[in-house]
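Now for the letters of each chain:
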Amino acid sequence: MNRNRRDFLSATAAAVTLSASLPRLAQAAIPIHAAAQPQQQAASTDEVITVPGYPAPTEIKPIDIINLRELEPAAQKVIPPGGFGYISSAAGDEWTKRENEAAYKRITIKPHYLSGYSTADRSITLLGAKLSMPIVLSPMGAHGMAHATAEIGSAKGTAAADTLYIAATPSNFSLEQIAKAGSGPKWFQLYMPSDRGAATELLQRAKAAGYLAIVFTVDTVVASNRETDRRNHFRSPLPAANFAGRSSAYGTGGFKSDLDWNDVEFTRKTTGLPVLIKGVMSPELASIAMERGCAGVQVSNHGGRQLDDVPATITVLPKIVEAVRGRGVILIDGGIRRGQDVFKALAVGANAVAVGRPLMYGLALGGWQGVQTVFQHLDGELEMTMRLAGARTISEISKSYLT
Ligand SMILES: Cc1cc2nc3c(=O)[nH]c(=O)nc-3n(C[C@H](O)[C@H](O)[C@H](O)COP(=O)(O)O)c2cc1C
């Protein structure tokens, strides 16, 4: 077996075994600070994953947030070191990961003063789903690394924030269990099994469980160079719930490493659901996705976890917006840590943003309540940005708000 393929399979195996709201602006409460409530809750036993040798956090409580960047060192204190390394790190020199955040600072906002507005409505409709904010949970595998309630906790917290949950293929609870956790809308992220029978079964299960769209990730055809995991000798001890007790094709066949447009077409035909391509980094790919009937794209470099030295997502967004020409929805992820980042992505032309690591840290620090607080904090910063920049609705945010 060629080396890359072998590494991919072992990394895949590792992966699959694997508001308090901001004070209302009307109260002019700055600096921004989500006040913690004193009550704590315990999860019921069917909502936790206990793995010997992996003491994941268990506390469920609202968390104090000054800003999302400060969550990382706080989460490092409670997540076991191997799991924290897996979540926080990225590929190679981690340049792309850093650049994702840094690039937002090179874009500046042009406020529209004297707009006469006193409100900022953040609600949107995304492929028919009504959301309270244009901020969604980006698909991430193995939430059990961050908290014992794993995806049950993150799905409940996302539903409590009244926004969209994208469940990842390598989850620690099954897609059916996640679908029942929290009442909010959910999409399913696909790592396509190499066996067509297994792929059909997985997709049909997602449809039967009520997922509203498929997010087809295309940037993970081989394992990447995760030096932190190698240094930590880290292999996730957590279960790959979507594959447990299934045919051997799920367990041993691995994921398809020679993805092409036939696989996208197969996914559309098998489910009849809207399909979005995740990992789009070029206008060419975005354009073909539209021509081939995809419902949208998620502009993503996997948070810098796959191919290092690709550009920051926000820098490629303008040309992708041009290529899509309103034919589908555009999500963007990678390095979104501030309400201003959300505002800038929307101003360039994204319909919504997806957030990764900060939500894992929120989960680690407070279970579902921590996840809810992270959403509310970022939404509160977006509200403040809209008010200060003079934008009343999400659809109003355009390039005219950028210098
Ligand atoms: C721990 C972790 C696991 C991830 N697992 C997946 C996955 O299973 N499928 C996927 O498409 N993306 C996965 N991603 C990538 C995220 O969807 C997203 O692209 C990235 O985290 C966004 O960057 P951010 O963390 O800077 O917000 C993962 C990211 C992290 C941090």
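In this text, all values refer to a predicted model and were calculated from it rather than measured experimentally.

Caption draft 1: How the structure looks around the pairing of strand β7 (residues 275–280). In terms of residue burial, β7 counts as a mostly covered element, since 6 of its 6 residues are buried. In this sheet, β7 lies alongside strand β6 (residues 214–217) in parallel orientation, the contact comprising 4 bridges. Bridge assignment links Val215 to a residue of β7, and that residue is Leu276. Pairing analysis gives 4 bridges linking β7 to strand β8 (residues 296–299), with the strands arranged parallel. Each residue of the ladder has a partner; that of Val280, found in β8, is Val299.

Caption draft 2: View of the environment of Leu131. Inspection of the secondary structure puts Leu131 in strand β2 (residues 129–131). On the basis of neighbour count, Leu131 is assigned to the buried category, with 20 C-beta atoms found within 10 Å. Between the C-alpha atom of Leu131 and that of Pro185, which follows or precedes it by 54 residues, the distance is 8.6 Å. Each residue touching Leu131, except ones within four places of it in the same chain, is listed here: Ser123, Ile124, Leu126, Asp162, Thr163 and Leu164.

Caption draft 3: The arrangement of the nonpolar core in detail. Counting residues in each nonpolar core, the largest one holds 117 residues, and the members touching the most others are Val297, Ile320 and Val353. Discounting chain neighbours no more than four positions away, the residues touching Val353 are Pro134, Ile135, Leu331, Ile332, Asp333, Ile336, Val342 and Ala345.

Caption draft 4: Examining helix α10 (residues 261–271) more closely. Along α10, the residues that are buried comprise Val264, Thr267 and Thr271. Projected onto a plane normal to the axis of α10, the buried residues spread over an arc of 60 degrees and lie on a single side. Exposed residues lying more than 90 degrees from the buried face of α10 are Trp261, Asn262 and Lys269. Looking at the buried positions of α10, the neighbouring elements they touch are β5 (186–190), α7 (196–208), β6 and β7. Looking one or two places after α10, you find Gly272, whose phi comes out positive at around 70 degrees.

Caption draft 5: Highlighting unusual backbone geometry. The backbone of Leu127 sits at a positive phi, close to 45 degrees, despite the residue not being glycine. Tracing the sequence through the fold places Leu127 in the loop between β1 (124–126) and β2. C-beta crowding within 10 Å serves as the criterion here: with 17 such atoms nearby, Leu127 is assigned to the partly exposed category. Residues other than glycine seldom take positive phi values, yet Ala142 does so here, at roughly 55 degrees. Residue position: Ala142 is located in the loop between β3 (135–137) and α5 (150–160). For Ala142, a count of 26 C-beta atoms within 10 Å puts it in the buried group.

What counts, and at which threshold
Residues numbered from 1 in each chain as written. Predicted model: local features only at pLDDT ≥ 70, side-chain atom pairs only at ≥ 80, totals over all residues. Buried ≥ 20, exposed ≤ 12 C-beta atoms within 10 Å, placed from the backbone. Helix = DSSP H or I, 4+ residues; strand = E, 2+ residues; numbered from the N terminus. Pairing = 2+ DSSP bridges. Contact = placed C-beta atoms within 7 Å. Core = buried A, V, L, I, M, F, W, Y, C linked by C-beta atoms within 7 Å. Arc of directions from axis to C-beta.

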